[in-house]
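Here's the letter readout for the chains.
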Amino acid sequence: MSNPLVIPCPHCNGLNRIPSERLGDAPKCGRCKQPVLLNKPFELKQGDYASQIKGDLPLLVDVWADWCGPCKSFAPVFEQAAAQLTGKCRLAKLDSEANQQLSAQLGIRSIPSLILFKNGREVARQSGAFPLPQLMSWLRSQGV
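Rules behind the numbers
- In every chain, residue numbers begin from 1 and rise along the written sequence.
- Local features in this predicted model are restricted to residues of pLDDT 70 or higher, and side-chain atom pairs are both shown and tallied only at a pLDDT of 80 or more, whereas totals for entire chains, interfaces and linings draw on every residue.
- In computing side-chain values, all of the structure's heavy atoms are included and hydrogens and water are not.
- Stacked, tilted and edge-to-face are the three classes applied to pairs of Phe, Tyr and Trp rings, where Trp contributes its six-membered ring and a pair requires centres within 6.5 Å; stacked means planes under 30 degrees apart, edge-to-face means over 60, and tilted covers the rest.
- Only DSSP runs of H or I covering at least 4 residues are called helices, and only runs of E covering at least 2 are called strands; the numbering of each starts at the N terminus.
- Burial classes: relative accessible area under 20% of the type maximum marks a residue as buried, over 50% as exposed, and values in between as partly exposed (1.4 Å probe, protein chains only).
- Here, strands pair whenever DSSP counts at least two bridges between them.
- To obtain each axis, a line is fitted to C-alpha atoms, and for helices this fit is confined to the stretch in contact; angles are then taken between N-to-C directions over 0 to 180 degrees.
- Oblique is the label for any angle not under 35 degrees, not over 145, and not in the 65 to 115 range, which are roughly parallel, roughly antiparallel and roughly perpendicular in turn.
- Less than a right angle of anticlockwise turn of the near helix away from the far helix marks a crossing as left-handed, whereas a clockwise turn marks it as right-handed.
- What makes two residues a contact is simply this: any of their non-hydrogen atoms within 4.5 Å.
- Under the scheme applied here, ten amino acids are nonpolar (Ala, Val, Leu, Ile, Met, Phe, Trp, Tyr, Cys and Pro), four are charged (Asp, Glu, Lys and Arg), and all others, including Gly, are polar.

J.: Lay out the packing of aromatic side chains in plain terms, naming residues and giving numbers.
T.: Counted under the stated rule, the structure contains three aromatic pairs. Between Y49 and F117, the ring centres sit 5.8 Å apart and the planes meet at 75 degrees, which makes this aromatic pair edge-to-face. One end of the pair, Y49, is in helix α1 (residues 49-52); the other, F117, is in strand β6 (residues 113-118), and 68 residues separate them in sequence. Each member of the pair, Y49 as well as F117, is classed as buried.

J.: Tell me about the pairing of strand β7 (residues 121-127), residues and numbers included.
T.: Inspection of the sheet shows β6 paired to β7 by six bridges, in the antiparallel sense. Within the sheet, the bridge partner assigned to L114 lies in β7 and is Q126. Hairpin connection from β6 to β7: two residues lie between these consecutive antiparallel strands, with N119 at a positive phi of about 50 degrees.

J.: Pulling in residues and values, what's your account of the packing of helix α2 (residues 69-84) against helix α4 (residues 132-141)?
T.: In contact at an axis separation of 10 Å, α2 and α4 are set at 50 degrees when each is read in the N-to-C sense. In terms of their interaxial angle, α2 and α4 are classed as oblique. The way α2 lies across α4 gives a crossing that is right-handed. Seen from α2, the contacting residues are F74, V77, Q80, A81 and Q84; seen from α4, they are L132, L135 and M136. Grouping the amino acids of the contact of α2 with α4 by side-chain chemistry returns six nonpolar, two polar and no charged.

Right, here's the structure in full:
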């Protein structure tokens, strides 16, 4: 049995230890009993940020706003990526209007912006909306 991965729950922020060979078994959170791995993006908020960037699975954050046309056109691409990356990378959406303090803390200058976190640290950033093959290629180049 391999070393367990530490993965934050997208619902309650509880940290879960899950053996890597069990990632495909739809693991549930030990605290809230909700699914730990989602096949769609979850909403990231100011209060969840510190907990959610932790863990052994990378976290890709899409910073967006409701008034942004490119953000709206990129949303379905991000959803498709989440479905394809379940168990490899967690995907979250950060509403820059509702979370202005966190957006400023992250240094967001344009939207949509993608920020990739690994082990609690930002490792890559990309601005703009692009098609799914380009997004997946970028993630592969980042080791996801």
